[in-house]
Amino acid sequence: MASENEFLLLSFLTGIYVTFVYDLLRIFRRVIPQGEFLVSLEDIAFWVYCAMKVFLLMYHESNGTLRWFAVLGALCGMFLYRKTASPFFVKYISYILCRMKELLYKIMCFFHLYDSIFC
């Protein structure tokens, strides 16, 4: 019983982790806008990475057997993180990084280290 509870907890934490990693990707996209092709490529890489993480969790914890309570645990972790910490994390970290980027551009323009077209 304890191992199933531990597996459920690991699944829950994996759901939080996966959503957190996607938030990092969302922040990156807000700070450095990209085209549709790069966004698609990043999404594919993200989902391949997540699939590998989930597969390894299932492989190590349940010998590769799909356990529905683990799927439910991961979904609960994703949902809880997305509804609590995620909006604040993405909003404020994006804001801070965008302000830092603007400051860096201003400094570079001041010292003529950046092309005058952008200054």
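Just so it is clear, the model here is predicted, and its values are computed rather than measured.

J.: Requested: an account of helix H3 (residues 68–83), with residues and values cited.
T.: Taking 1.5 Å of rise per residue, 16 residues should cover 22 Å, and H3 covers 22 Å from first to last C-alpha, within 8% of that figure. Residues Ala 70, Gly 73, Ala 74, Gly 77 and Tyr 81 constitute the buried set of H3. The buried side chains of H3 occupy one side of the element, clustering within an arc of 95° when seen end-on. Residues of H3 that are exposed and point more than 90 degrees away from the buried face comprise Trp 68, Leu 72, Phe 79 and Lys 83.

J.: Just give me the short version of the packing of aromatic side chains, but keep the residues and values in it.
T.: Applying the stated rule across the entire model yields seven aromatic pairs. Judged by centre distance (6.1 Å) and plane angle (20°), the ring pair of Phe 55 and Tyr 59 falls under stacked. With Phe 55 and Tyr 59 both in helix H2 (residues 36–62) and four residues apart, the pair spans about one turn of that helix. Judged by relative accessible area, which is 46%, Tyr 59 ranks as partly exposed. Ring pairs connect the aromatic residues Phe 20, Tyr 81 and Phe 89, which therefore count as one cluster.

J.: If you had to explain helix H4 (residues 86–110) to someone new, which residues and values would you point to?
T.: Taking 1.5 Å of rise per residue, the 25 residues of H4 would be expected to cover 36 Å, and the 36 Å separating its terminal C-alpha atoms lies within 8% of that figure. Taken as a whole, H4 has its buried residues at Ser 86, Val 90, Ser 94, Cys 98 and Cys 109. In the segment just after H4, His 112 is the residue with positive phi, at about 55°.

J.: Break down the side chain of Ser 62 for me, with residues and values.
T.: Tracing the backbone shows Ser 62 in helix H2. Once residues within four sequence positions are removed from consideration, Ser 62 is found in contact with Phe 7, Leu 57 and Arg 67.

J.: Any chance you could break down the pattern of salt bridges for me, citing the residues and the numbers?
T.: Scanning the entire structure with this criterion turns up five salt bridges. The salt bridge partner of Asp 23 is Arg 26, with a shortest N-O separation of 2.8 Å. Of this pair, Asp 23 and Arg 26 both sit in helix H1 (residues 2–31), three residues apart, roughly one helical turn. Asp 23 sits in the buried class, given a relative accessible area of 1%. A single network of salt bridges, built from pairs that share partners, joins Arg 29, Glu 42 and Asp 43.

J.: Report on the nonpolar core, specifying residues and quantitative values.
T.: Val 18, Val 21, Leu 25, Phe 46 and Cys 50 together form the largest nonpolar core, which totals five residues. Excluding its chain neighbours within four sequence positions, the residues that come into contact with Phe 46 are Val 18, Val 21, Tyr 22 and Leu 25.

Reading the values: rules and limits
Residues numbered from 1 in each chain as written. Predicted model: local features only at pLDDT ≥ 70, side-chain atom pairs only at ≥ 80, totals over all residues. Heavy atoms only, no water. Helix = DSSP H or I, 4+ residues; strand = E, 2+ residues; numbered from the N terminus. Expected span 1.5 Å × (residues − 1). Buried < 20%, exposed > 50% of the residue type's maximum accessible area, 1.4 Å probe, protein only. Arc of directions from axis to C-beta. Phe/Tyr/Trp six-rings, centres within 6.5 Å; stacked < 30°, edge-to-face > 60°. Contact = heavy atoms within 4.5 Å. Salt bridge = Lys/Arg side-chain N within 4 Å of Asp/Glu carboxyl O. Core = buried A, V, L, I, M, F, W, Y, C linked by side-chain atoms within 4.5 Å.

Remember, this is a structural readout, not a statement about activity or role.
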